[in-house]
Amino acid sequence: MTKTPSVFLALVLVAGCASTPTVETDADPATDFARYSRYAWREEPNTRSPLVRQRLVAAIDAQLLGRGWRKVPESEADAVLAAHVTSREEQSIDSFYSEPAWGNWGWYGVQAAPGNRHVSTRVNTYRIGTLVIDMFDTRTHRAIWRATAEGSVPETAEKVNAAIDATIPRMFEDFPPRDAG
């Protein structure tokens, strides 16, 4: 996996309007999230674009604020966040077959004349981006929560913004985890 801190990658966030990103979350079952209410950023998302980084941080901050958490200096925090963005290039191959020139009758009915089958193949290259948000307990330094989002990387700033607006709330949908602790 190639780590490319790029603007759009950030968001992957993914997959903008064209496709819905896959979102997954995980939490330490031994963690009592009721003990946490203050957080700090240890590492903001590594994007090339400071605008995308700001939008990601603001969207994540808004989700935590909406759940009663306060952003404080790291020395006062119960938990710290680290976010990372990665991307990779993938390809899909589409082949289309056509048989315009019909030949002789055969055992299975009409068959195409040899050499008259037309094949056209198209290779599509696209980027897949992943956003990972990790949360750590500041006292024990143990990981307590993780959210990931992965999908096609949007091609325009407008679609990147739409992807951030649509994806970050999904990442925090079940936060804090109700069954942990």
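Computed from a prediction, not measured in an experiment: that's the story for all the values here.

1. Here we look at unusual backbone geometry
Okay, step 1: Cis geometry marks the peptide bond from F175 to P176, where omega comes out at -5°.
Okay, step 2: Even without being glycine, H141 reaches a positive phi, approximately 65°.
Okay, step 3: Note on placement: H141 falls in the loop between β7 (118–137) and β8 (143–152).
Okay, step 4: For H141, a relative accessible area of 57% gives the class exposed.

2. Regarding helix α2 (residues 50–65)
Count 3.6 residues to each turn of an α-helix, and residues three or four apart come out pointing the same way.
Okay, step 1: Taking 1.5 Å as the rise per residue, α2 with 16 residues should run 22 Å; its terminal C-alpha atoms sit 22 Å apart, in good agreement.
Okay, step 2: Buried within α2 are the following residues: V52, L56, V57, A59, I60, D61, Q63 and L64.
Okay, step 3: The opening residue of α2, the one whose side-chain oxygen lies 3.2 Å from the backbone nitrogen of L51, is S49.

3. Examining the packing of aromatic side chains
Each aromatic ring pair is described using two quantities: the centre-to-centre distance and the angle formed by the ring planes.
Okay, step 1: In total, this model carries eight aromatic pairs according to the counting rule given.
Okay, step 2: Aromatic side chains W69 and F175 sit 5.3 Å apart centroid to centroid with 55° between the ring planes, which places their arrangement in the tilted category. Linking W69 in the loop between α2 and β3 (70–71) with F175 in the segment after α3 (157–171), this pair joins segments that are 106 residues apart in sequence. We note that W69, like F175, is buried.

4. Observations concerning the pairing of β7
Okay, step 1: With nine bridges joining them, β7 and β8 adopt antiparallel strand pairing. Looking at the pairing, I133 lines up with A147 of β8.
Okay, step 2: In this structure, the hairpin formed by β7 and β8 is closed by a connection of five residues, where H141 is found at a positive phi of approximately 65°.

5. Some points on the environment of F96
Okay, step 1: Along the chain, F96 falls in strand β4 (residues 79–98).
Okay, step 2: Its relative accessible area of 44% is what places F96 among the partly exposed residues.
Okay, step 3: Put simply, F96 and R122 are 26 residues apart on the chain and 8.6 Å apart in space, counted from C-alpha to C-alpha.
Okay, step 4: Not counting residues within four places of it along the chain, the set of residues in contact with F96 comprises H118, V119, S120 and R122.

6. Observations regarding the nonpolar core
Okay, step 1: In this structure, L64, W69, I133, M135, W145, I168 and F172 are the most contacted members of the largest nonpolar core, which totals 28 residues.
Okay, step 2: For this core, the elements supplying multiple residues, two or more each, are β2 (38–43), α2, β4, β7, β8 and α3.
Okay, step 3: By residue number, the principal contributor to this core is α2, which donates six residues.
Okay, step 4: Discounting residues that sit within four places of it in the chain, I133 has contacts with I60, L81, A82, A83, W145, R146, A147, M171 and F172.

7. Examining the confidence of the model for the protein
Okay, step 1: In this model, the protein carries an average pLDDT of 83, and 77% of its residues clear a pLDDT of 70 or more.
Okay, step 2: Every residue in residues 1–18 is under pLDDT 50, and counting partners more than four places away or in other chains gives 76 contacts.

Calculation notes
- Residues numbered from 1 in each chain as written.
- Predicted model: local features only at pLDDT ≥ 70, side-chain atom pairs only at ≥ 80, totals over all residues.
- Heavy atoms only, no water.
- Helix = DSSP H or I, 4+ residues; strand = E, 2+ residues; numbered from the N terminus.
- Buried < 20%, exposed > 50% of the residue type's maximum accessible area, 1.4 Å probe, protein only.
- Expected span 1.5 Å × (residues − 1).
- Polar contact = N/O pair within 3.5 Å; in protein donor to acceptor, adjacent residues only side chain to side chain.
- Phe/Tyr/Trp six-rings, centres within 6.5 Å; stacked < 30°, edge-to-face > 60°.
- Pairing = 2+ DSSP bridges.
- Contact = heavy atoms within 4.5 Å.
- Core = buried A, V, L, I, M, F, W, Y, C linked by side-chain atoms within 4.5 Å.
- pLDDT = per-residue confidence, 0-100.

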